[in-house]
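Commentary on secondary and tertiary structure
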Amino acid sequence: MNYEGKLASNIKEHIKGKQESTSGTGLAFIAFTEVIVRMPVSQVWAVLFFVMLFNLGLSSMFGNVMGMLTPLLDLKVFPKCVPKEMITAILCLICFSVALIFTTASGSYWLTIFDNYGTALPLLIIAFFELIGVIYVYGFRKFCDDLEFMTGRRPNFYWQVTWRFISPLLLFSVFVAFVAIEVQSDLSYEAWDPNYVEFPKKEEKEYTGWVVFICAFLVVLPSIFIPLTALYHLVRFKLSRHKQRAQNPFDNHAFQL
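Residues numbered from 1 in each chain as written. Predicted model: local features only at pLDDT ≥ 70, side-chain atom pairs only at ≥ 80, totals over all residues. Heavy atoms only, no water.

With that settled, the discussion passes to the nonpolar core. In this structure, Trp 110, Ile 113, Tyr 117, Leu 121, Leu 124, Ile 125, Leu 187, Tyr 207, Val 211, Cys 215, Leu 218 and Val 219 together form the largest nonpolar core, which totals twelve residues. At the level of secondary structure, the elements contributing two or more residues to this core comprise helix H5 (107-117), helix H6 (120-151) and helix H8 (209-223). Ranked by residue count, the leading element in this core is H8, at four residues. Apart from residues lying up to four places away in sequence, Ile 113 is in contact with Gly 118, Tyr 207, Val 211, Cys 215 and Leu 218. Counting six residues, the second-largest nonpolar core is a separate cluster that includes Leu 131, Ile 135, Cys 144 and Leu 147. (Core = buried A, V, L, I, M, F, W, Y, C linked by side-chain atoms within 4.5 Å. Buried < 20%, exposed > 50% of the residue type's maximum accessible area, 1.4 Å probe, protein only. Helix = DSSP H or I, 4+ residues; strand = E, 2+ residues; numbered from the N terminus. Contact = heavy atoms within 4.5 Å.)

Before going further, it helps to examine a nonpolar patch on the surface. On the surface, a cluster of nonpolar side chains totalling about 640 Å² of accessible area is made up of Leu 75, Val 77, Phe 78, Met 86, Ile 90, Ile 94 and Val 98. With respect to the helices and strands, Phe 78 occurs in the loop between helix H3 (42-74) and helix H4 (84-99). When its relative accessible area of 32% is taken as the criterion, Phe 78 is described as partly exposed. (Patch = residues over 30% accessible without salt bridge, like charges linked within 9 Å, V, L, I, M, F, W, Y side chains within 5 Å. Areas by Shrake-Rupley, 256 points an atom, 1.4 Å probe, with all protein chains shown as cover. Salt bridge = Lys/Arg side-chain N within 4 Å of Asp/Glu carboxyl O.)

For the structure shown, the criterion picks out two salt bridges. Between Arg 154 and Asp 145 there is a salt bridge, with its nearest N and O atoms 2.7 Å apart. For Arg 154, a relative accessible area of 40% corresponds to the partly exposed category. A network of salt bridges, in which partner residues are shared, links Asp 145, Glu 148 and Arg 154.

In this structure, Val 41 takes a positive phi of about 55° despite not being glycine. On the basis of relative accessible area, Val 41 is assigned to the exposed category, the value being 54%.

A few words now on a negative patch on the surface. Taken together, the side chains of Asp 186, Glu 190, Glu 204 and Glu 206 present a region of like negative charge at the surface. Structurally, Glu 204 is set in strand S2 (residues 203-206). Residue class for Glu 204 comes out exposed when judged on its relative accessible area of 59%. (Lys, Arg positive; Asp, Glu negative; His and termini not counted. Charge placed at Lys NZ, Arg CZ, Asp CG, Glu CD.)

A few words on the side chain of Thr 162. Secondary-structure assignment places Thr 162 in helix H7 (residues 157-184). For Thr 162, a relative accessible area of 11% puts it in the buried group. Sequence-distant contacts of Thr 162, defined by excluding residues within four places in its chain, comprise Ser 167 and Pro 168.

All right, on to H5 then. For H5, the set of buried residues is Gly 107, Trp 110, Ile 113 and Tyr 117. The arc enclosing the buried residues of H5, seen along the axis, measures out at 125°, which places them on a common side. (Arc of directions from axis to C-beta.)

A word on the environment of Pro 227. Assignment of secondary structure puts Pro 227 in helix H9 (residues 225-246). Sequence spacing of Pro 227 and Phe 129 is 98 residues, and the spatial spacing of their C-alpha atoms is 9.8 Å.

Quick look at the layout of surface pockets now. By volume, the second largest pocket amounts to about 200 Å³. Lining the second largest pocket are Tyr 117, Leu 121, Phe 178, Val 179, Glu 182, Val 183, Leu 187, Val 212, Cys 215, Ala 216 and Val 219. Breaking the lining of the second largest pocket down by element, the ones donating at least two residues are H7 and H8. Looking at the lining of the second largest pocket, its residues break down into ten nonpolar, no polar and one charged. (1 Å grid on protein atoms, 1.4 Å probe; cavity = no way out; pocket = protein on both sides within 12 Å on 5 of 7 lines; lining within 4 Å. Points joined across faces, edges and corners; volume = space filled by probe spheres on them. Nonpolar A, V, L, I, M, F, W, Y, C, P; charged D, E, K, R; others polar.)

This next bit is on the packing of H6 against H7. The contact between H6 and H7 brings their axes to 10 Å, and the two run at 165°. Comparing the axis directions of H6 and H7 gives the class roughly antiparallel. Crossing angle aside, the handedness with which H6 passes H7 is left-handed. Residues Leu 121, Leu 124, Ile 125, Ala 127, Phe 128, Leu 131, Ile 132, Ile 135, Tyr 136, Phe 140, Phe 143 and Leu 147 of H6 touch H7, and the partners they reach there are Gln 160, Trp 163, Arg 164, Phe 165, Ser 167, Pro 168, Leu 171, Phe 172, Val 174, Phe 175 and Phe 178. (Axes fitted to C-alpha atoms, helices over the stretch in contact; angles between N-to-C directions. Parallel < 35°, antiparallel > 145°, perpendicular 65-115°, else oblique. Left-handed = near helix turned anticlockwise from the far one by under 90°.)

Once that is clear, we can look at the packing of H6 against H8. Contact geometry for H6 and H8: axes closest at 9 Å, N-to-C directions at 25°. It follows from the interaxial angle that H6 and H8 lie roughly parallel. In the crossing of H6 with H8, the sense of the turn from one axis to the other is right-handed. Counted together, Leu 121, Pro 122, Ile 125 and Ile 126 of H6 and Leu 218, Val 219, Pro 222 and Ser 223 of H8 form the full contact between these two elements. Here the residues of the contact of H6 with H8 are counted per class, giving seven nonpolar, one polar and no charged.

In structure tokens form, the structure reads like this:
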């Protein structure tokens with residue numbers, strides 16, 4: 001008991017001393033690894049820990065790859081002669097090539113940029129337009145009819161109010177608040193600088209102009225396909241209607257003798 005208590009106390013003090021110097025990925029690859037070294041049979045715990053991280057990343061990539069592969073197959077972007085395995089390999093190769101930037105000397109900073117501006121806000125925008133598209137464009141009654149057909153039960157009053165009013169309002173409010181906060185403050189990051197006066201604390205620095213452009217690009221890139229797709233279908237619909245109006249209704253082989 002004394003040994004276990006002493007070990008727990010040393011680990012607690014070690015984590016407390018690392019709280020100001022590590023966060024995010026550093027917490028997993030610096031603080032936790034040093035804590036594991038201090039544990040008994042550290043080699044076993046180290047193998048288990050990094051196998052867990054590997055499986056966690058692998059399981060996440062299954063969802064990411066399928067999220068890209070499914071719409072490509074549904075939209076028939078590739079011809080049928082191209083096998084699904086080949087498309088999957090191409091996607092994995094592209095993801096691997098892009099991820100090489102995270103292995104550079106500034107990889108942790110790039111990871112922070114992608115994590116802060118490439119996921120949260122685009123997902124919020126996509127969820128908002130997905131909700132608007134299903135409830136107000138496709139039709140709430142049609143959606144309820146589909147759910148009743150699939151599950152045998154119609155959504156109750158709670159879900160009707162949530163989907164039609166509460167959820168869109170909350171998503172829009174969070175979006176406006178996020179944009180307002182980002183506009184009022186300069187984009188900055190925490191730099192690991194040994195020459196900093198308060199080291200091991202991280203020094204807060206502002207992003208340069210080209211990095212701000214990349215941050216905006218990461219926000220716009222996943223979301224820009226929503227208005228582009230809507231514009232494409234609108235133009236296609238207008239052209240089809242114009243073609244139908246221009247077509248002669250008597251231009252039919254049935255009228256030919």
